[in-house]
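The residues making up each chain are set out below.
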Amino acid sequence: MQLKVREITPQDRQSLANLIHFEMYVHRHLDWRTPLEWIGFQPYLVAEHQGRLVSALACPLDLPEVAWIRLLVVDSTVSIQAAWQALWEAAKAQLEKLGSPSAAAIVTQDWLRRLLEASGFAHTNNVVMLQWEAAQSLPAPQAEAITIRTMTTADLEAVERLDHAAFKAEWQNSAGALKLAYNQAALASVACNGQKLVGYQISTNSPAGGHLARLAVHPSVWGKGIGYALVYDLLEAFQARGVRQVTVNTQQDNAASLALYARAGFIITDEHYQVYQFGGDQV
């Protein structure tokens, strides 16, 4: 089968939307943007067969350190191996020109895992899900000299700086991603020491009730109870809205986060996602 690989164009939007909606081989990254909203970023490639769009791969660089695979969709009438290989080879060449040292994916389906392993991706970590139930009492936070208030758009620049200080490069959010997260938030708050922003959280509504999507504390005040104070505050706010369950994801090897969430009453569930990486440092 001859596949023609090219860059996506805005004119492909409807064909791609149909492919995503109707096909069974669809990987979508856990993302603030939809796959269609990444059109215009690179690398974002499609494969055609006899003039018909049959596959697409999006691994655009939101930040320069790593390209997350944000979409892979393959028409069931074509070989997923052939489509992936054609698209990945073209995307990899683009990433090399753009200077990106690595690519990564959060894997939830076996067919994608097999494709990645065959192309030299390595399993480097797991993302685990934890769940909190409202029928429990929590110890009051002990953090001193901080106030917690609702996040505003004026905070986003400081939130971005804090986010980049708190996370390894591969897990950082761009300014654009943080603005999207803020706009989609059910609850968003910041912890301040005087006028200095030292922590933040962004939570969303979810089928379970609530989801803590992002939590960060500045490294200069790690161990001071600020993360727990933010979590305690958001759980109180969710309970006031009648939410009975809240979930959160974190890396399996993030001992500090796991200890924090355990203190707040979160329990690790059986749900987890594998992280695969090609090149670069471990994420």
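Located above this text is the structure these notes cover.
For the structure given in this document, a descriptive report is provided here. (Residues numbered from 1 in each chain as written. Predicted model: local features only at pLDDT ≥ 70, side-chain atom pairs only at ≥ 80, totals over all residues. Heavy atoms only, no water.)

### Side note on helix H7 (residues 255–263)
Two residues of an α-helix separated by three or four positions point the same way, owing to the 3.6 residues in each turn. Heads up, the condition is: Partly exposed residues are those whose accessible area sits between 20% and 50% of the maximum for their type, while under 20% is buried and over 50% is exposed, using a 1.4 Å probe and protein chains only. Strands here are runs of E lasting at least two residues and helices are runs of H or I lasting at least four, both read from the DSSP assignment and numbered beginning at the N terminus. Working definition: the arc comes from the directions between the helix axis and the C-beta atoms, pointing outward to the latter. Contact between two residues is taken to exist if any of their heavy atoms lie within 4.5 Å; hydrogens are not considered.
Those residues of H7 that fall on the buried side of the exposure criterion are Ser-257, Leu-258, Leu-260 and Tyr-261. Down the axis of H7, the smallest arc covering the buried residues is 160°, so these residues share one side. In H7, the exposed positions angled more than 90 degrees off the buried face are occupied by Ala-255 and Ala-256. Where H7 is buried, its residues meet strand S8 (122–133), strand S12 (209–217), helix H6 (226–240), strand S13 (245–251) and strand S14 (267–278). Looking one or two places after H7, you find Gly-265, whose phi comes out positive at around 95°.

### Comments concerning the packing of helix H4 (residues 156–166) against helix H5 (residues 175–184)
Definition in use: Note on method: axes are straight lines fitted to C-alpha atoms, helices fitted across the in-contact stretch only, with angles between N-to-C directions ranging 0 to 180 degrees. If an angle is under 35 degrees, it is roughly parallel; if it is over 145, roughly antiparallel; if it lies from 65 to 115, roughly perpendicular; otherwise it is oblique. Helix crossings fall into two classes, left-handed where the near helix is turned counterclockwise from the far one by less than a right angle and right-handed where it is turned clockwise. Residue polarity follows a fixed list, in which Ala, Val, Leu, Ile, Met, Phe, Trp, Tyr, Cys and Pro are nonpolar, Asp, Glu, Lys and Arg are charged, and the others, Gly among them, are polar.
Direction vectors running N to C along H4 and H5 enclose 120°, while the axes themselves pass 10 Å from each other. Overall, the two elements H4 and H5 adopt an arrangement that is oblique. H4 and H5 meet at a crossing whose hand is right-handed. From H4, Leu-156, Val-159, Glu-160 and Asp-163 reach across to H5, where they touch Ala-175, Leu-178, Lys-179 and Tyr-182. Split into classes, the residues belonging to the contact of H4 with H5 amount to five nonpolar, no polar and three charged.

So yeah, pure geometry; function would need other evidence.
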